[in-house]
Amino acid sequence: MCDMRYFKSARHKFDAAIVLLKDYEYDELFLNDAAYYLQQCIEMTLKAYLVHRIINN
């Protein structure tokens, strides 16, 4: 069974990045924050996948 906490955390970070991109698209500081959240989203998704692969092997 996959640990859903990683996916939930990734989804939360994705949603936060979307809000930042919609509300502050011309502010470089907030764009950097959005990029950081998207990077964290990818890392959490990859971590969930790897944990799932380790458990099922």
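Everything that follows concerns the structure shown earlier in this document.
Residues numbered from 1 in each chain as written. Predicted model: local features only at pLDDT ≥ 70, side-chain atom pairs only at ≥ 80, totals over all residues. Heavy atoms only, no water.

Under the definition given, this model contains one salt bridge. Between Arg11 and Asp15 there is a salt bridge; the shortest N-O distance is 3.2 Å. Of the two residues, Arg11 and Asp15 both sit in helix H1 (residues 4-23), four residues apart, roughly one turn of that helix. By relative accessible area, which is 52% here, Arg11 ends up exposed. (Salt bridge = Lys/Arg side-chain N within 4 Å of Asp/Glu carboxyl O. Helix = DSSP H or I, 4+ residues; strand = E, 2+ residues; numbered from the N terminus. Buried < 20%, exposed > 50% of the residue type's maximum accessible area, 1.4 Å probe, protein only.)

Turning our eyes to something else, we now look at the packing of H1 against helix H2 (residues 28-56). Taken N-terminus to C-terminus, the directions of H1 and H2 make an angle of 160°; their axes are 8 Å apart at the nearest point. With respect to H2, the element H1 is oriented roughly antiparallel. With respect to the hand of their crossing, H1 and H2 are arranged in left-handed fashion. Looking at side-chain class alone, the contact of H1 with H2 contains 17 nonpolar, three polar and three charged residues. (Axes fitted to C-alpha atoms, helices over the stretch in contact; angles between N-to-C directions. Parallel < 35°, antiparallel > 145°, perpendicular 65-115°, else oblique. Left-handed = near helix turned anticlockwise from the far one by under 90°. Nonpolar A, V, L, I, M, F, W, Y, C, P; charged D, E, K, R; others polar.)

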